[in-house]
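So the chains spell out like this:
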Amino acid sequence: MSPDIDSVLNETRRFPPSAEFQARAQLSDPAQYERLYRESIEDPDAFWGRVARELPWQQPFERVLDWSAKPFARWFVGGKLNLSMACLDQHVAAGRGGRTAIVWEGEPGDSERYTYAELLAEVCRTANALKARGVKKGDRVALYMPMIPEIVLAMLACARIGAIHSVIFGGFSAQSIKDRVLDGGCTAVITADGSWRRGKVLPLKPVVDEALLGVKSVHTVFVVQRAANEIEWQSGRDVWLSELARKQSAECAPEPMDSEDTLFLLYTSGSTGKPKGIRHTTAGYLVGAYLSTKYVFDLRPDDLYWCTADVGWITGHSYVVYGPLANGATVLLYEGAPNQPHPGRFWELVAKHKVTILYTAPTAIRSFMRWGDEHVTRFDRSSLRLLGTVGEPINPEAWMWYRTVVGESRCPIVDTWWQTETGSIQITPLPGITATKPGSATRPFFGVDAAIVDEQGHEVPPGKGGYLVIKKPWPSMLRGIWGDDARYVETYWSKFGGRWYFTGDGARRDEDGYFWIMGRVDDVLNVSGHRLSTMEVESALVSHADVVEAAVVGRPDELTGEALCAFVTIGPGKVATPALAEALKEHVSKEIGKLARPAEIRFAEALPKTRSGKIMRRLLRDIAAGREVTQDTTTLEDYSVLARLRIEEE
Ligand code: WTA
C-alpha cells in the first residue's frame, strides 16, 4: 500500500459518551484528561513514575527512563518487581483473596472458578513443579496450550520464578513450534494432551512430539490433561504437570526481578525472513498493561471482563492475563469456538456470566453479523456496558452493527490500535472522555506521541495518508528481538534515521486529530487479525517439490479483512490442477499452520518482475483484488506475463 493514497473514508457520525456512562467512569472530566495527557507527554518521568509507584515493588527504582542507548530503552532503572506479585499477592495481601480472578468455560460446557487466593496457591504449586524439574530464572519455556486456566497458571508460574515464557498459539504447526523453540533456545515445553475445538479434540501433545524431533535443548515436556486423547509418552522427558504440582508446596517466594529482566518472548511475523521473537521486559511492560487496562476498559471491581483473544497472541498476554489481573479484575476465559454448539455461544456466555466488558476482533464481529442478529438478540445483553475491538481496522458498518445490535446503542466502543511490539494499547478512545467515530481508533493514549509522516519524515496535513510513527519511548515498548539487535534497529528504527519508532502501518489523521489506521505498508498481511508475512508463506510454498516460484499478496476479504492469494509458477512437466492447488494449500497449513492457508492459488507461467528482478507486488495485489491494473508497467521485464495473468482471471 502506498502511504500517499488519500483515504476514501469520510465518516462523520460521532458518538460522545453518555451522561450515564460518564457518571460512573474513572475518567470523565475533559480538563483533567487534558492535564494528564499533557503531563504524560511533557513530563513523562513524573507521569510514569507516579503510575509505577502504584505497583508493588520489591525494591524501588532510582530512575524512570534511561534512553541514552537509544533505541534500547531502560525503564524504572534499578527497581525490582515480580509480575506474579502484582497480579496475585498484592490482592490477597489487601484482603481481596476471596474475589474471583478467573471464570472458565470449556467448550463442552464444563467450568471452573479460581479466586485470587486459589490462583496464587496454584501458581506457586506450578512454579515449584517447574523448579522441581530444574527450570530456573532466565530459562526459556515454550507454552503450546489451549485456553484453559492452566495456561494462565503456567505464564504466572514462569514469571514467579523468573523463567521467560514463549507462548506459541495453538494453531501453529509442528514446524512453526520447532522454529520458535530453537530460536529461543527453550529448555522446557508446557502443553496439554489436547483441546476442545468445534466439538472435536484437537491434539496438541502429538504436535509438540513431532516438533521436538531432533531438538536437543528441551529436557522436560510438562503435560496438562485436558481432552484425555491418546498420546505417546517419552519417559524421562514427559511429566504430568498437575500430578507433579499437586505434590508441591502452595508457597513459592517470588524471584526478585530487575525491571529490565526479560518477562517473555512472543514471536510475530515481519516483512522478511523468519518470525521475530519480540522481547518484553518486566516493569515497563506491566506499567503499560496495568494503566491501559484500567483506563481504556474503565475497570471496576464489580466488572466481569471478557477479552476473547487467545492467550497465544499479545492481546491475550496483556488483556487476558497481565493487565486485568494486575487490576484485580474478574476475567472470563473460554476454551472453544464462538459457534459451538450454536452461533449464539458467545452471547449465551455473556448472558450466563453477566459479562460487562467485551473485547473482541473485527473479524469475529463480521462473522456474527453474517450469522444473523437473532443469534445475538435472543440472549440478554443488558449486563454489557463497554465494548472493545482490536487487531485490524474495523469497517464503519461492522462498528455500527457492534454498537446497535450487540451494545443496544448503550455501550461505548473502544477501537484500540496497538501491536505485539508496543506491548499495550497506543491509540484508543477513553470511554468516558472521547466522542468516537465509527472506524477510527481516535487519539493516542497517555504518553504516546504518535505522528503521521511522509517518506522524508515530514508530518502530513490532516486528511492525508502517511506512515504512522511513535516519537517517544514508552514503558511497554519492545526491548528488542531475541538474539538479533541489528534486526531490531533495522526494522523499527532505520526508516527515519533512528529518530522514531516506525510501526509499519499507514494512517491518516482527520481535522479533529483523530487517527484512522489504514493497514500495513510493508509485506505483512493481516488475516483475521493474525499477522502473517508474505515471505514466510512464499517460502513454505517454494518448499513444495512442484513449485518454482511464489508470490503471496493480500486481497480484501469481507470476513477476514484480508485473504491470502498466492501466485505460483510450477516446474517443467508439472500440471496446474485444482488438486495441486489443494495440495499446496495443505502444504502451507502443514508448514506454518492453518491460519496461513491461502484462500486462493493462481498458477502463472511467470511472475511479473521489474528489470532489476523484483516481483511487482502492487500489481499482483491489483490483480488479486480484481482491480484494473493502473500501475506504471514500464519497468516490467516481460509484458506478456501481465497479459497472461489477466487472462487467467477471465
Ligand atoms: C493491526 C495486535 C487497525 C495493525 C494487538 C498493527 C489494527 C497490527 C488495530 C498489529 C486497530 C491492530 N485498527 N489496525 N484497532 N489493532 N491493528 O502484533 O496493522 O498481532 O500493526 O497486535 O494489527 O498486530 P499484532
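What counts and what doesn't
Residues numbered from 1 in each chain as written. Predicted model: local features only at pLDDT ≥ 70, side-chain atom pairs only at ≥ 80, totals over all residues. Heavy atoms only, no water. Helix = DSSP H or I, 4+ residues; strand = E, 2+ residues; numbered from the N terminus. Rg over C-alpha atoms; globule rule 2.2 N^0.38 Å. Buried < 20%, exposed > 50% of the residue type's maximum accessible area, 1.4 Å probe, protein only. Areas by Shrake-Rupley, 256 points an atom, 1.4 Å probe, with all protein chains shown as cover. Lys, Arg positive; Asp, Glu negative; His and termini not counted. Charge placed at Lys NZ, Arg CZ, Asp CG, Glu CD. Near = heavy atom within 4 Å. Polar contact = N/O pair within 3.5 Å; in protein donor to acceptor, adjacent residues only side chain to side chain. 1 Å grid on protein atoms, 1.4 Å probe; cavity = no way out; pocket = protein on both sides within 12 Å on 5 of 7 lines; lining within 4 Å. Points joined across faces, edges and corners; volume = space filled by probe spheres on them. Nonpolar A, V, L, I, M, F, W, Y, C, P; charged D, E, K, R; others polar. Pairing = 2+ DSSP bridges. Axes fitted to C-alpha atoms, helices over the stretch in contact; angles between N-to-C directions. Parallel < 35°, antiparallel > 145°, perpendicular 65-115°, else oblique. Contact = heavy atoms within 4.5 Å. Core = buried A, V, L, I, M, F, W, Y, C linked by side-chain atoms within 4.5 Å. Domains from an automatic or database assignment. pLDDT = per-residue confidence, 0-100. Salt bridge = Lys/Arg side-chain N within 4 Å of Asp/Glu carboxyl O. Buried area = accessible area lost by both parts, 1.4 Å probe.

**Some details on the overall build of the chain**
Each helix and strand counted, the chain has 20 helices and 28 strands in total. For 650 residues, the compact-globule formula gives about 26 Å, and the C-alpha radius of gyration of the chain, at 24 Å, lands near that figure. Expressed as lengths along the three principal axes of its C-alpha atoms, the size of the chain is roughly 75 × 65 × 55 Å. Scored against the burial criterion, the 650 residues of the chain give a buried share of 62%. A total of about 24,400 Å² of accessible surface is found on the chain, and carbon and sulfur atoms cover 50% of it. Counting 76 positive and 83 negative side-chain charges, the chain places the averaged centre of each group 3 Å from the other.

**Remarks on the site of the ligand**
What surrounds the ligand is a group of 17 residues, the closest being Asp415, Thr416, Thr420, Asp505 and Arg531. Residue glutamate 392 places a main-chain N or O atom 3.4 Å away from a nitrogen atom belonging to the ligand. Take arginine 531: an N or O atom from its side chain is 2.8 Å from an oxygen atom of the ligand. When isolated, the ligand has an accessible area of 530 Å², and the protein chains bury 96% of it.

**Things to note about empty space enclosed by the protein**
If you walk through the whole model with that rule in mind, you get four cavities of 30 Å³ or more. Taken as a whole, the largest cavity encloses approximately 60 Å³ of empty space. As for the largest cavity, its lining consists of Trp48, Gly288, Ser292, Ser424, Ile425, Gln426, Phe445, Phe446, Val448, Trp474, Pro475 and Ser476. Of the residues belonging to the lining of the largest cavity, the class tally is seven nonpolar, five polar and no charged.

**Some remarks on the pairing of strand β5 (residues 140-144)**
Within β5, five of the five residues are buried, which leaves the element mostly enclosed by the surrounding structure. The two faces of β5 match: Arg140, Ala142 and Tyr144 on one face and Val141 and Leu143 on the other face are all buried. In the sheet, β5 pairs with strand β6 (residues 164-167) via four bridges, with the strands oriented parallel. Bridge assignment links leucine 143 to a residue of β6, and that residue is valine 167.

**Quick notes on the packing of helix α2 (residues 30-42) against helix α3 (residues 44-52)**
Across the interface, α2 lies against α3 with an axial gap of 5 Å and an inter-helix angle of 110°. Considering their axes alone, α2 and α3 lie roughly perpendicular with respect to each other. Contacts between α2 and α3 involve Leu36, Glu39, Ser40, Ile41 and Glu42 on the former and, on the latter, Pro44, Ala46, Phe47 and Arg50. Of the residues in the contact of α2 with α3, the class split is five nonpolar, one polar and three charged.

**Here we look at the nonpolar core**
In this structure, Phe297 and Phe446 are the most contacted members of the largest nonpolar core, which totals 165 residues. Top element by residues in this core is helix α6 (residues 149-161). It accounts for 10 residues. Residue assignment places this core across two domains, with domain 1 (19-83 + 283-428 + 443-518) and domain 2 (528-649) each supplying three or more. The residues touching phenylalanine 297, leaving out its near neighbours within four places in the chain, are Ser292, Tyr305, Tyr319, Ile357, Tyr359, Arg385, Leu386, Val414 and Ile425. With 29 residues, the next largest nonpolar core counts Val350, Val355, Ala364 and Tyr402 among its residues.

**Brief notes about the confidence of the model for the chain**
Low-pLDDT portions of the prediction should not be read for the details of their coordinates. Averaged over every residue, the pLDDT of the chain is 94; the share at 70 or more is 95%. In this model, residues 1-6 is a region of pLDDT below 50 whose contacts with residues beyond four sequence positions or in other chains number 17 contacts.

**Here we look at the pattern of salt bridges**
On inspection of all chains with the given rule, the structure shows 47 salt bridges. Linking glutamate 392 and arginine 366 is a salt bridge whose minimum nitrogen-to-oxygen distance equals 2.9 Å. Of the two residues, glutamate 392 sits in the loop between β17 (386-390) and α15 (396-406) while arginine 366 sits in helix α13 (residues 362-371), which places them 26 residues apart along the sequence. The pair glutamate 392 / arginine 366 is uniform in exposure class, with both members buried. Across the pair arginine 617 and aspartate 523 runs a salt bridge, and its minimum N-O distance is 3.9 Å. Pair noted here: arginine 617 is in helix α19 (residues 617-625) and aspartate 523 is in the loop between β23 (515-520) and β24 (524-527), with a separation of 94 residues, a long-range link.

**Some remarks on the domain arrangement of the chain**
As far as domains go, the chain holds domain 1 (19-83 + 283-428 + 443-518) and domain 2 (528-649). Relative placement of domain 1 and domain 2: their C-alpha centres are 33 Å apart. For the pair domain 1 and domain 2, the summed buried surface comes to about 760 Å²; carbon and sulfur atoms form 48% of the total. Of all residues in domain 1, Trp313, Thr363 and Arg366 bury the most surface against domain 2, accounting for 51% of the area lost on that side. Seen at the junction of domain 1 and domain 2, the total is one salt bridge. With its nearest N and O atoms 3.0 Å apart, the salt bridge here joins glutamate 421 to arginine 531. Taken together, domain 1 and domain 2 are joined by four residue pairs in polar contact (both at pLDDT 80 or more). Tallied by class, the residues present in the side of domain 1 that touches domain 2 amount to one nonpolar, five polar and four charged.

**Focus on the pairing of strand β7 (residues 188-192)**
Counting buried positions along β7 yields five of five residues, so the element is predominantly enclosed. By the alternation rule, side chains of β7 split into Ala188, Ile190 and Ala192 and Val189 and Thr191, which are all buried. In terms of strand pairing, β5 meets β7 through four bridges, oriented parallel. By the bridge assignment, valine 141 is partnered in β7 with alanine 188. As judged from the five bridges shared by β7 and strand β10 (residues 220-224), these two strands associate in the parallel manner. Bridging across to β10, alanine 188 finds its partner in threonine 220.

**With respect to unusual backbone geometry**
Note that the residue after lysine 70, namely proline 71, is joined by a cis bond; omega there is 5°. Looking at the element boundaries, proline 71 is found in the loop between β1 (63-66) and β2 (74-77). Residue phenylalanine 76 is not a glycine yet carries a positive backbone phi of 55°. Not every positive phi belongs to a glycine, and arginine 198 is a case in point at roughly 55°. Looking at where arginine 198 falls in the secondary structure, it is placed in the loop between β8 (194-197) and β9 (200-203). Judged by its relative accessible area of 46%, arginine 198 falls in the partly exposed class.

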